[in-house]
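A look at the structure
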Amino acid sequence: MTRGRLMLASALTLGIAAGYGALQASLYEALTPPLLAPMEPAAGVGSLSAKACATCHEDIAAEWEGTGHARATTDPLYVADLAAQSAPYFCDHCHAPLVEQRATTTTGLWSAWPDLVPRAEDNPRVTQGLRHEGVTCVACPQRDGAMLGAFATTIAPHPVTVNADFGSEATCRPCHTLDLQAVGDLQRPLMDTFGEWEAYRAAGGDRTCVDCHMPTLADRPAARGGAERPAHSHALRGPFDLAFVKEGVGVEGVALQATPEGGVAGRLALINRSGHRLPTAEPHRKLTVALELLGAEGEVLASAAHHVQRVVDLHSLAEPSGADTTLAPRERRPISLDISPAPAARSARLVVRFWLWDPDDPIAQSAGLDAAALVHTLHSHSLTLTSEP
């Protein structure tokens, strides 16, 4: 090959490589971009850690410590699910939203289909110990070196930018929508809580994310030494708070009775009292209504169940048409279950359960979690069928 041809071939190779690199980056930015730019600690704070925030914001930090947000990277289900993923980097965009929380950084995609294959590099910005804080405090308020807030202040050790929208539903949107529709064959975004809430509002709903998940508290200082102001809980109530889940899942019209045909019939209506679909977000979550016949030792002799869930193939990111049976906001769904003929049972029960994850799923087993940790009874009604002999 002549020198001129060699130079031309080299130039073409470099051009193709550059074009491919640009395509990788373009795919990455289009499909699963990071949520936050790299951060430096705000002036006067000295650290991105929640521990720095807690020195002044004691009450808020104490509430946050008990939340699913604080456990976003350490929750056993997340750790097990992340380990099983072929390309888990985009999960961390919300579970560990700071660039400084991640040991590796993704700059592009080698492939978008049939699998997302990231181009990853060691992250020189990683801060040791920060990952375990999950959705840490500065993830929401810190922007451009200042803390967003609803009020101006002269006592904060750091810059404050007054932003009337901070703490509104706009703060929740980035992490509570996960599209990925361009990658697979989904009927709607894989995690669509914000879109569901928008549909609720369009239909006349009047509550916001903050109304339910960060309810109003008595006035208190936002930070030590500050003036008392209107306050909201930072306990961030969610699916791991069983009492909160029960508030959203209403039950009416319960009837449980033996039938003339020798069977048992159960009736009730489920009502979605939340501002989004139930269950929402994680497709593994579901509600079940079960009619169960029990023996003398409480063992289940026979059962019938109605499932409320969204069925998604998480490998191919596809869902069968009609496989989404989740409850729309404010929907009231009558459910009837029958077992006939009934075995010689001592009692019957009609029970509503909330499943964080199926305990028989390999992810749950890898996480070391059983039914007691993952399946929770919301409502239960019993009927005695025969007395003790």
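Whatever comes next refers back to the structure up there.
As the structure is a computational prediction, the values presented were derived from the model and not from experiment.

Here is what the cut-offs are and how they apply
- Residues numbered from 1 in each chain as written.
- Predicted model: local features only at pLDDT ≥ 70, side-chain atom pairs only at ≥ 80, totals over all residues.
- Heavy atoms only, no water.
- Helix = DSSP H or I, 4+ residues; strand = E, 2+ residues; numbered from the N terminus.
- Buried < 20%, exposed > 50% of the residue type's maximum accessible area, 1.4 Å probe, protein only.
- Contact = heavy atoms within 4.5 Å.
- Areas by Shrake-Rupley, 256 points an atom, 1.4 Å probe, with all protein chains shown as cover.
- Pairing = 2+ DSSP bridges.
- Axes fitted to C-alpha atoms, helices over the stretch in contact; angles between N-to-C directions.
- Polar contact = N/O pair within 3.5 Å; in protein donor to acceptor, adjacent residues only side chain to side chain.
- Core = buried A, V, L, I, M, F, W, Y, C linked by side-chain atoms within 4.5 Å.
- Phe/Tyr/Trp six-rings, centres within 6.5 Å; stacked < 30°, edge-to-face > 60°.
- Lys NZ or Arg CZ within 6 Å of the ring centre and 35° of its normal.
- Salt bridge = Lys/Arg side-chain N within 4 Å of Asp/Glu carboxyl O.

A word on the overall build of the chain
A tally of helices and strands in the chain yields eleven helices and 14 strands. Residue burial in the chain is summarised as follows: out of 389 residues, 39% are buried. The contacts in the chain between residues at least 6 apart in sequence include a share of 65% that link residues at least 24 apart. Surface exposure of the chain reaches about 20200 Å², of which carbon and sulfur atoms provide 56%.

Section: the sheet that holds strand β9 (residues 264-272)
Spatial strand order, β8-β9-β12: three strands in an open sheet with antiparallel pairing. Each having just a single partner strand, β8 (249-258) and β12 (332-339) make up the two edges of the open sheet. Neighbour-to-neighbour, the strand axes of the sheet open up by a mean angle of 15°, direction not taken into account. Sheet analysis places β9 next to β12, joined by eight bridges and oriented antiparallel. Each bridged residue has a counterpart across the sheet, and for valine 264 the counterpart in β12 is isoleucine 339.

Section: the sheet that holds strand β4 (residues 146-149)
Read from one edge of the open sheet, three strands run β3-β4-β5, paired in mixed fashion. On the outer flanks of this sheet lie β3 (142-143) and β5 (160-162), each paired with one strand and no other. Here two bridges tie β3 to β4, and the two strands are oriented antiparallel to one another. When the bridges of β4 are listed, arginine 143 appears paired with alanine 146.

Considerations on unusual backbone geometry
Residues leucine 278 and proline 279 are joined by a peptide bond in cis, for which omega reads -15°. Even without glycine at this site, aspartate 144 takes up a positive phi of about 55°. Secondary-structure assignment places aspartate 144 in the loop between β3 and β4. The exposed category is assigned to aspartate 144, whose relative accessible area is 85%.

Some points on the environment of glycine 322
Along the polypeptide, glycine 322 turns up in the loop between β11 (300-309) and β12. The class of glycine 322 is exposed, set by a relative accessible area of 65%. Taking the C-alpha atoms as reference points, glycine 322 and valine 311, eleven residues apart in sequence, are found 9.2 Å from one another.

So, the environment of threonine 67
In this fold, threonine 67 is placed in the loop between α3 (58-65) and α4 (76-84). Given the relative accessible area of 1%, threonine 67 is considered buried. In the structure, threonine 67 is positioned 171 residues away from glycine 238 in sequence and 8.3 Å away in space, judged by C-alpha atoms. Apart from the residues lying within four places of it in its own chain, the contact partners of threonine 67 are His234, Ala235 and Leu236. One polar contact links the side chain of threonine 67 to the main-chain amide nitrogen of alanine 70, over a distance of 3.0 Å.

Examining the nonpolar core
Within the largest apolar cluster, 35 residues are counted, with the highest numbers of intra-cluster contacts made by Val249, Leu268, Leu270, Leu287, Val289 and Val352. Residue contacts for valine 249: discarding those within four places in its chain leaves Leu270, Ile271, Leu278, Leu287, Val352, Leu378 and His379. Judged by nonpolar contacts, the second largest core, of 16 residues, contains Ala50, Cys53, Ala72 and Leu130.

So, the packing of aromatic side chains
This structure, assessed with the given rule, holds one aromatic pair. Arranged with centres 5.4 Å apart and planes meeting at 50°, the rings of phenylalanine 194 and tryptophan 197 form a pair that is tilted. With phenylalanine 194 and tryptophan 197 both in helix α7 (residues 193-202) and three residues apart, this pair spans about one turn of that helix. For phenylalanine 194, a relative accessible area of 6% gives the class buried. We note arginine 71 situated over the ring of phenylalanine 240; from NZ or CZ to the ring centre the distance is 5.5 Å. A cation over an aromatic ring shows up here: lysine 286 above the ring of tryptophan 355, its NZ or CZ 4.4 Å from the ring centre.

Here's the deal with the side chain of arginine 353
Locating arginine 353 in the fold gives a position in strand β13 (residues 347-355). Judged by relative accessible area, which is 15%, arginine 353 ranks as buried. Reaching out from arginine 353, the side chain makes a polar contact with the side chain of glutamate 292 at a distance of 3.0 Å. With residues near it in sequence (within four places) discarded, arginine 353 still touches Lys286, Leu287, Thr288, Ala290, Glu292, Val375, His376, Thr377 and Leu378.

Some details on the pattern of salt bridges
This model, assessed by the stated rule, comprises 16 salt bridges. The partner of arginine 188 in a salt bridge is glutamate 196, and the shortest N-O contact between them spans 2.8 Å. One exposure class covers both arginine 188 and glutamate 196, and it is buried. Between arginine 237 and aspartate 241 there is a salt bridge whose closest N-O contact spans 3.2 Å. Under the relative-accessibility criterion, aspartate 241 is labelled partly exposed at 25%. Salt bridges sharing common partners tie together Arg188, Asp192, Glu196 and Asp324.

Quick word on the side chain of glutamine 101
Position of glutamine 101 relative to the elements: it lies in the loop between α5 (89-95) and β1 (104-111). Setting aside anything within four residues of it in sequence, one finds glutamine 101 in contact with Ala96, Val126, Leu130, Arg131, Glu133, Gly134 and Thr136.

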